[in-house]
Amino acid sequence: MADGSAALRTVKTTCAYCGVGCGVAGAVGEGRSVLITGDAAHPANLGRLCSKGSALGATVGLEGRLLEPTINGKSANWHEATALVARRFKETIARHGPDSVAFYVSGQLLTEDYYVANKLMKGFIGSGNIDTNSRLCMASAVAAHKQAFGADLVPGCYEDLELADLVVFSGHNAAWTHPVLFRRMEQARARGQKHVVIDPRRTDTAEGADLHLAIAPQSDVRLWNGLLADLVRRGAIDRDYIASHVNGFEQVTAALVESDQSLSAVAADCGVAIEDLRTFYDLFAANARTVSLFSMGANQSAQGVAKGLAIINAHLATGRIGKPGACPFSITGQPNAMGGRETGGMANTLAGHMDFSPEDRDRVARFWGAPDTTRAPGLKAVEMFEAVRDGRIKAIWVMATNPAVSLPASGAVRDALAACPFVVVSDCVETDTTAFAHVKLPALAWGEKDGTVTNSERRISRQRALFPPPGQARADWKIMADVATAMGFDGFGWASNAAVFREWARLTAYENRDRFLSLAGLSALTPSAYGELLPVQWPIGVDGEGTPRLFVDGRFQTPDRRARMVPVLPKGPAELTSAAFPMSLNTGRIRDQWHTMTRTGLAPDLCRHAPEPYVEIHPEDAEALGLKDGALARVSTARAEAVAVAKVSDRQRRGSLFMPMHWTDAFAPSGRANALVEPRVDPTSGQPEFKHTPARVRPYRETWKGFFLSRSALMSPLGADLVWRRIPQDACQQYEFAGRGDVAERDVLRKALTKRLAGELVTYEDAATGARREAWVEGDQLVAVLYMTTTGRLPSRDWLVDLFQADLTAEARSALLFGRPPGGPVDKGPMVCACLKVGAKAVTAAIAAGADTADAVGAATGAGSNCGSCRPEIARMINAFLVTPKEPVRAD
Ligand SMILES: Nc1nc2c(c(=O)[nH]1)N[C@H]1C(S)=C(S)[C@@H](COP(=O)(O)OP(=O)(O)OC[C@H]3O[C@@H](n4cnc5c(=O)[nH]c(N)nc54)[C@H](O)[C@@H]3O)O[C@H]1N2
Ligand SMILES: Nc1nc2c(c(=O)[nH]1)N[C@H]1C(S)=C(S)[C@@H](COP(=O)(O)OP(=O)(O)OC[C@H]3O[C@@H](n4cnc5c(=O)[nH]c(N)nc54)[C@H](O)[C@@H]3O)O[C@H]1N2
Ligand code: SF4
Ligand SMILES: [Mo]
């Protein structure tokens, strides 16, 4: 164990985070301590973990956890809470019909949970109104798969990523979002694999790639259509494959010729150099073993389905599917995005890859013994919350997702939740969404829950419990099954999660003549076999054998077994920006945070790479706007305004902005990106356009700023007009503030921050500069520090933060008021390597001492030697050092 004590037992489980689905071995010690390592036997990661996975042990504490049910904020027991939820849902349904209620669920539920939620809503309540946050994530890929393959089928497997000679990353920042897979591909690259990145930003994935196409936002369809036209011109398509296995080729090529597909026209529309476009098309034509990964830059778009289909078209036309090292590959985000798609968590699917045809619907209804099973799809996430807002939906149950932060136009979502007569939220912790709940239900979290998840390559793995349930927390499937039973429904009386899983596996095999999705070999698992289940990829035959790769025989799930090419958007997308909002706001992820930070925000090491909400902007745009690197900027859209720290960088296209999606009321109320995002959706998939909202930006121009370091966290948000950000540190919480008001504003804040502080107060004030430095000390322990200034100069925080970790010396005490560390500045810079805790200063020092490769920096500092997701950043730092003249060049 990290603390030297012996592990009591080691439990194999699956990481809580991304769709790579890495196997984790947890050596459990006393209490809730656990030492996390990668499971060397798990095929997804073979022992590797990224920074987030490695830090799982730091996120399993009980701070902030929901440990008992509450009704209107008051403690309740499970009996009361279950009875109330059942009664309110029943009454609402009796009065307003089944479509007046809804579930909004999540790819962070287990498959067993998802199955029960879907059975209850679609089968027994009889409404289609269950949708999932996968609507925000995978819906466009799902729709594209269904159109092209006849069902939501991911053709490839991770091995293909290593076997490929060319990997194309379409709107996929794998270096940060699927780091363990990216490492596998980087190793393949060292063996000669080529990487092409299609992304308007120069991401860390693009940084080291062979080619980066920094396309104009939303020009993907044009790019991929241009590729197909080019392949046809070259005769580089596979006519035999098309003749045997593909419909629609003629329609697609006929649609293509309606617009100018010359290299120069395509390059101009996509905003890339014609040589770069040619290089991509040459590479694609030359490499039969090509995998095209696509992720949120493709899916999260008003043309998300078209983007997916355009990519798939290029693969079908070249027969690059169902073969080793060749496939279009929609990569999933959440640990169980796939499980949700399988069980029917989306409003427009029924269950087990069966939809609403009369035969499918009757089959599922018979299997469930549920004559009221819905005959029609329900509302998709964005529509669902609109229906909540306008009163059509009167009771909603939110599970394992934080829509008050993560849906587009989150202000309107908050209005909807505030207006809804009955809101139930099942979560592990308090969130921006639980603030709206009439009933809060405490769910088991990662490390306590137990069941199955499916990763991006269709591999089912077990999540297993490391710890006993804390407080009264319960498994989501059990919470729902009890409510269903209390509502009077039969068929929810499972004795265990193993029994739920068996029923689900039986459904996949039930009257299954042509559905690829089958878990037949698992439909009679005993509880102990379920407990010991090894990772396996569906389809799973009756012999229990899995299937790594689909479509190997060229047969698809369409009625005639042929794949379909579908013509998509022959013309470029409409320009959305305007004089009022001339820029394009893109949003997405950062390396070390997970979504709304409910878990990664607990690990200080994960908060140091990008500690504050930021907006990235090109240097020329910044200069034109008078915006300096590190200054606060106001970002506005037609929806709302946010304030974030400007990050001036030529990795951004001119005219584009990028903001991370992660910050919430708990960390930075004014830095929430989704308040800004328009709820525009793809017409087919209903997936929101998160990557392109017309916006403008200008300096915030604060009149004062300050920071507050406190051993204990502040309990409540501090007023929305103030710009504040919380940064968790090892022994204290750091709060950064800025405002545009006068002295009175500062005084109000000071009072709120300090009213409960104990200890001796030492103060320094300078009226001339508006500087104020205060420290609260108890014995030799620092309790809190508050610095404010109107002139803009504040000392390094790192040194002060470190003072909370040790006894206060006399020297440190006086330095507190000087506002300067005794031995000069101690600033570690941002955390470059979160796994080994190496800051930018240490990396720079190693480079200055001669380390000129990422490996050499790793040898000198350890940075990059674990998950490797900081290696592109280290490489960038080396390059910057090498091109920066060491001596200023003299003009004479
Ligand atoms: N660190 C971390 N990892 C995660 C997550 C996390 O929260 N944090 N979340 C997980 C989840 S649920 C998901 S869905 C995945 C998402 O993983 P990714 O899809 O890799 O993540 P994003 O940052 O949302 O977006 C990817 C890229 O799309 C680009 N993009 C924007 N507009 C366009 C466009 O018009 N065309 C193209 N081609 N690209 C465009 C963006 O600039 C961005 O770099 O990550 C998973 N992994
Ligand atoms: N602007 C912008 N917005 C985006 C995106 C973007 O790229 N840009 N991406 C979108 C995408 S792809 C996604 S996936 C979403 C993610 O958005 P959310 O799903 O809202 O984000 P999370 O923070 O992962 O929220 C999960 C919640 O579930 C809780 N939880 C975890 N495990 C369990 C469990 O087992 N049971 C229960 N009951 N609760 C649990 C956690 O405590 C947490 O509060 O965000 C979307 N929003
Ligand atoms: S890549 Fe990282 S976040 Fe994703 S599953 Fe593996 S360890 Fe977890
Ligand atoms: Mo996602």
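Residues numbered from 1 in each chain as written. Chains lettered and ligands numbered in written order. Predicted model: local features only at pLDDT ≥ 70, side-chain atom pairs only at ≥ 80, totals over all residues. Heavy atoms only, no water.

Draft legend 1. Representation of the overall build of the protein chain within the structure. Check the secondary structure of the protein chain and you find 30 helices and 34 strands. For the protein chain, the spread of C-alpha atoms along the three principal axes comes to 80 × 75 × 55 Å. Expressed as a percentage of its 892 residues, the buried residues of the protein chain come to 61%. The long-range share in the protein chain, meaning contacts at least 24 apart out of those at least 6 apart in sequence, stands at 71%. Accessible surface computed for the protein chain: about 31,800 Å², of which carbon and sulfur atoms make up 53%. Computing the positive centroid from 99 side-chain charges and the negative centroid from 97, the protein chain places the two 2 Å apart. (Helix = DSSP H or I, 4+ residues; strand = E, 2+ residues; numbered from the N terminus. Buried < 20%, exposed > 50% of the residue type's maximum accessible area, 1.4 Å probe, protein only. Contact = heavy atoms within 4.5 Å. Areas by Shrake-Rupley, 256 points an atom, 1.4 Å probe, with all protein chains shown as cover. Lys, Arg positive; Asp, Glu negative; His and termini not counted. Charge placed at Lys NZ, Arg CZ, Asp CG, Glu CD.)

Draft legend 2. View of the site of ligand 2. By nearness alone, 31 residues border ligand 2, and Ser406, Asp427, Lys449, Thr596 and Asn674 come closest of all. Side-chain polar atom of Gln108 to an oxygen atom of ligand 2: 2.8 Å apart, as the coordinates give it. Between Asn674 and ligand 2, the recorded distance is 2.4 Å, taken from a side-chain N or O atom to a nitrogen atom. Mapped by element, the contributors of at least two residues to the shell around ligand 2 are strand 15 (422-427) and strand 21 (583-588). Of the residues in the shell around ligand 2, the class split is 11 nonpolar, 15 polar and 5 charged. Per-domain counts for the shell around ligand 2 show at least three residues from each of domain 2 (70-130 + 337-537) and domain 4 (583-699). (Near = heavy atom within 4 Å. Polar contact = N/O pair within 3.5 Å; in protein donor to acceptor, adjacent residues only side chain to side chain. Nonpolar A, V, L, I, M, F, W, Y, C, P; charged D, E, K, R; others polar. Domains from an automatic or database assignment.)

Draft legend 3. The arrangement of the domain arrangement of the protein chain in detail. When the domains of the protein chain are assigned, the result is domain 1 (9-59), domain 2 (70-130 + 337-537), domain 3 (139-330), domain 4 (583-699), domain 5 (704-818) and domain 6 (831-883). Just the C-alpha atoms count here: the centres of domain 5 and domain 6 sit 32 Å apart.

Draft legend 4. Molecular detail of the site of ligand 3. Residues in contact with ligand 3, as listed here, are Cys15, Tyr17, Cys18, Val20, Gly21, Cys22, Leu49, Cys50, Lys52, Gly53, Pro179 and Val180. Looking at the shell around ligand 3, the elements with two or more residues in it are helix 1 (51-54) and helix 7 (179-190). Residue classes in the shell around ligand 3 are distributed as 9 nonpolar, 2 polar and 1 charged.

Draft legend 5. Spotlight on the nonpolar core. With 126 residues, the main nonpolar core has Phe89, Phe103, Leu223, Trp224, Phe280, Trp397 and Leu519 as its most contacted residues. Of all the elements, helix 15 (residues 304-317) adds the most residues to this core, at 9 residues. Two domains share this core, each providing at least three of its residues, namely domain 2 (70-130 + 337-537) and domain 3 (139-330). Beyond its immediate sequence surroundings of up to four residues, Phe280 is in contact with Val168, Val196, Ile198, Leu211, Leu213, Leu223, Trp224 and Leu227. Counting residues in each nonpolar core, the second largest holds 57 residues, with Phe169, Phe329, Tyr614 and Ala668 among its members. (Core = buried A, V, L, I, M, F, W, Y, C linked by side-chain atoms within 4.5 Å.)

Draft legend 6. Fine view of the packing of aromatic side chains. Counting across every chain of the model gives 28 aromatic pairs. Ring plane angle 85 degrees and centroid distance 5.2 Å describe the contact between Tyr104 and Phe385, whose orientation is recorded as edge-to-face. Residue Tyr104 is found in strand 6 (residues 101-105), and its partner Phe385 is found in helix 18 (residues 381-389); the two are separated by 281 residues along the sequence. The class of Tyr104 is buried, set by a relative accessible area of 0%. Ring centres 6.1 Å apart and planes at 65 degrees place the aromatic pair Phe169 and Phe182 in the edge-to-face group. Of this pair, Phe169 sits in strand 8 (residues 166-170) while Phe182 sits in helix 7, and the two are 13 residues apart along the sequence. An identical accessibility class is assigned to Phe169 and Phe182; each is buried. Grouping aromatic residues by their ring pairs yields a cluster made of Tyr115, Phe124, Trp368, Phe489, Phe492, Trp494 and Trp504. (Phe/Tyr/Trp six-rings, centres within 6.5 Å; stacked < 30°, edge-to-face > 60°.)

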